[in-house]
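Residue-level structural notes
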Amino acid sequence: MSRLVAISNRIADPRKPAAGGLAVALGETLSQTGGLWFGWSGTVTEDGLPGEGTLHTRQAGNVTLATVDLCREDHDNYYYGYSNSVLWPVFHYRLDLADFNASYIAGYRRVNQMYARKLLPLLRDDDTIWVHDYHLIPLAAELRALGCKQRIGFFLHIPVPPPLVMAAIPQHEWLMRSFFAYDLVGLQSEADVAHFTRYMSNEAGAEDLGGQRLRAFGATVRVGAFPIGIDVDEFSRLTQAPEAMDTFEGMRNEYSRRRLLMGIDRLDYSKGIPQRVRAFRELLARYPENHHSATLVMIASPSRDSVNAYADLRTELEGLCGAINGDYGELDWMPLRYIHRTVARKRVPGLCRAAAVGLVTPLRDGMNLVAKEYVVAQDPEDPGVLVLSRFAGAAEQLKEALLVNPYDTQGMADSIQTALRMPLAERQRRHQALLQHIRQYDVHWWRKSFLDALQNDSELPDISQ
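First things first, this report covers the structure right here in the doc. Small disclaimer: the values here were computed from a predicted structure and weren't measured.

Helices and strands together make up the secondary structure of the protein chain, namely 16 helices and 16 strands. Computed over C-alpha atoms, the radius of gyration of the protein chain comes to 23 Å, within 12% of the 23 Å expected from 2.2 N^0.38 for 465 residues, which places it in the range of a compact globule. Counting over 465 residues, the protein chain shows a buried share of 58%. Taking the contacts inside the protein chain whose residues are at least 6 apart along the sequence as the reference set, 78% of them involve residues at least 24 apart. For the protein chain, the accessible surface area stands at approximately 18,500 Å², while carbon and sulfur atoms represent 47% of it. Charge separation in the protein chain, taken as the distance between the mean sites of 50 positive and 56 negative side-chain charges, equals 2 Å.

As structure tokens, this is what we get:
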């Protein structure tokens with residue numbers, strides 16, 4: 001088995017326990033092969049030179065962790081600039097929030113070129129390289145320019161927009177051409193594959209060779225859907241751990257006379273949090289039987305607070321939450337509890353298990369693993385109901401959830417009411433089907449199916465069943 005080299009914006013120590021995320025997905029394979037994990041150190045140096053970060057290496061068992069510092073200019077242009085002020089909003093269909101500052105792309109290219117230079121001496125001839133996410137789209141092209149011949153795969157964790165939205169990015173041709181330096185590109189959903197393929201056909205003149213192969217610019221790339229999952233067994237153990245059980249018991253006692261609804265997100269404009277609050281207000285207005293009963297606990301952890309769009313979102317959300325409590329609250333009942341801080345990971349399963357309804361309603365999302373975690377945390381004998389946006393990548397898999405349009409306030413309120421009134425037998429049937437699918441396509445399936453396709457040129461998975 002060849003050594004795995006994983007590359008992502010941030011890295012994790014695979015020896016430390018984690019539920020979900022790249023540490024779980026990659027830790028086992030990295031440890032088996034004595035792998036290398038490469039990425040940003042998290043350090044920003046104020047006096048560094050652009051394109052000249054310091055490389056650090058350390059061992060985590062038999063895994064080498066290699067990280068590079070970024071100077072302030074590179075960090076601001078590569079990370080806050082091009083990655084999160086151009087690619088993030090555009091890939092989530094929010095052209096109105098994109099900042100197409102011409103200086104950003106130079107920093108983005110410069111950091112990817114630097115990463116390629118720092119990484120190349122660490123590679124072995126038989127390595128398999130797996131690059132992750134939108135921060136690093138051109139990395140393979142930069143490695144190829146330096147003579148790298150190893151097999152390189154790429155996985156995009158965020159959604160792919162339709163071709164005309166993608167084409168709004170200045171120099172989008174250069175960006176999308178970079179994908180042809182990879183041997184395999186993995187996307188979250190079949191919808192993403194369709195958008196990617198249409199872009200390459202319409203804008204790049206790519207030839208469809210069949211077998212999910214596209215050819216353009218003198219190169220061929222395979223493109224497939226590999227929906228990421230969670231570590232079901234690990235999250236199940238976390239659900240039974242003391243911290244989660246204490247949280248569950250505390251929530252059950254605190255809200256013993258209430259029906260609890262739960263939303264857990266980063267405070268990000270892609271998550272549809274204000275739309276969810278408006279739908280909850282519509283629920284209270286249309287279905288007054290929920291007064292003194294339904295309580296929405298909404299946790300929105302801080303995210304990129306220095307970006308104006310996020311500060312504006314926080315202000316809007318706090319106003320909406322205060323208005324609902326002011327209009328509907330009583331001395332013995334506040335309909336909405338809003339928390340703007342990070343909740344300890346070990347307590348999340350307890351929060352999920354206590355909720356009769358889980359609200360996962362992004363405006364657009366690559367996958368959204370909270371939806372899967374909510375299902376796994378439930379008591380099979382008395383499970384809650386997942387209300388899921390049809391615009392989350394998870395909706396392609398989790399068809400037994402109540403799928404909603406987050407832009408339709410009244411329709412979402414009606415679906416929440418359906419969830420609150422759903423009979424036990426139907427809740428059990430839906431939960432069983434959802435859990436079976438989540439188990440089948442867990443994070444280990446994701447990692448194995450991608451690496452098999454990359455290393456062995458095996459058939460791409462069919463997830464339509």
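The discussion continues.
Within a regular beta strand, the side chains point alternately toward one face of the sheet and then the other, so they alternate between its two faces. Of all 5 residues that make up strand β5 (residues 128-132), 5 are buried, and the element is covered over most of its length. Burial along β5 is two-sided: the face carrying Thr128, Trp130 and His132 and the face carrying Ile129 and Val131 are both buried. Both strand β1 (residues 4-10) and β5 contribute to a ladder of 4 bridges, which runs parallel. Its bridge partner lying in β5, leucine 4 is registered against threonine 128. Across 5 bridges, the pairing between β5 and strand β6 (residues 151-155) is parallel. The residue bridging threonine 128 from the neighbouring strand is arginine 151, located in β6. This β-α-β element, β5 to helix α4 (residues 139-145) to β6, shows right-handed connectivity.

Here we take up the sheet that holds β5. If you walk across this open sheet you meet the 10 strands as β3-β4-β2-β1-β5-β6-β7-β10-β9-β8, and the pairing is mixed. The strands lining the two open edges of the sheet, one partner per strand, are β3 (55-60) and β8 (207-210). Averaged over all pairs of adjacent strands, the angle between their axes in this sheet comes to 25 degrees, without regard to strand direction. Across the sheet, helix α2 (residues 72-91) is in contact with β1, β2 (36-45) and β4 (63-71); its angle to β4 comes to roughly 100 degrees. The sheet contacts of helix α7 (residues 190-204) involve β7 (184-187), β9 (213-216) and β10 (219-225), and relative to β10 the element is tilted by about 155 degrees.

Right, let's talk about the packing of aromatic side chains for a bit. Within the structure shown, the criterion is met by 20 aromatic pairs. A centroid spacing of 4.4 Å and a plane angle of 5 degrees characterise the contact between tryptophan 130 and phenylalanine 450, whose relative ring orientation is stacked. Here the residue tryptophan 130 occupies a position in strand β5, and phenylalanine 450 occupies one in helix α16 (residues 443-456), the gap between them amounting to 320 residues. The buried category is assigned to tryptophan 130, whose relative accessible area is 0%. Look at phenylalanine 391 and tyrosine 407: their rings are 6.0 Å apart centre to centre, the planes differ by 65 degrees, and that puts the pair in the edge-to-face class. Of this pair, phenylalanine 391 sits in the loop between β15 (385-389) and β16 (402-404) while tyrosine 407 sits in the loop between β16 and α14 (409-420), and the two are 16 residues apart along the sequence. For tyrosine 407, a relative accessible area of 52% gives the class exposed. Members of the aromatic cluster, joined through ring pairs, are Phe38, Tyr78, Tyr82, Tyr108, Tyr115 and Trp174. Sitting over the face of the ring of tryptophan 40, arginine 10 holds its NZ or CZ atom 5.0 Å from the ring centroid. Positioned above the aromatic ring of phenylalanine 248, the side-chain terminus of arginine 353 is 5.9 Å from the ring centre.

Procedures and definitions
Residues numbered from 1 in each chain as written. Predicted model: local features only at pLDDT ≥ 70, side-chain atom pairs only at ≥ 80, totals over all residues. Heavy atoms only, no water. Helix = DSSP H or I, 4+ residues; strand = E, 2+ residues; numbered from the N terminus. Rg over C-alpha atoms; globule rule 2.2 N^0.38 Å. Buried < 20%, exposed > 50% of the residue type's maximum accessible area, 1.4 Å probe, protein only. Contact = heavy atoms within 4.5 Å. Areas by Shrake-Rupley, 256 points an atom, 1.4 Å probe, with all protein chains shown as cover. Lys, Arg positive; Asp, Glu negative; His and termini not counted. Charge placed at Lys NZ, Arg CZ, Asp CG, Glu CD. Pairing = 2+ DSSP bridges. Right-handed = clockwise from strand over helix to strand, strands pointing away. Axes fitted to C-alpha atoms, helices over the stretch in contact; angles between N-to-C directions. Phe/Tyr/Trp six-rings, centres within 6.5 Å; stacked < 30°, edge-to-face > 60°. Lys NZ or Arg CZ within 6 Å of the ring centre and 35° of its normal.

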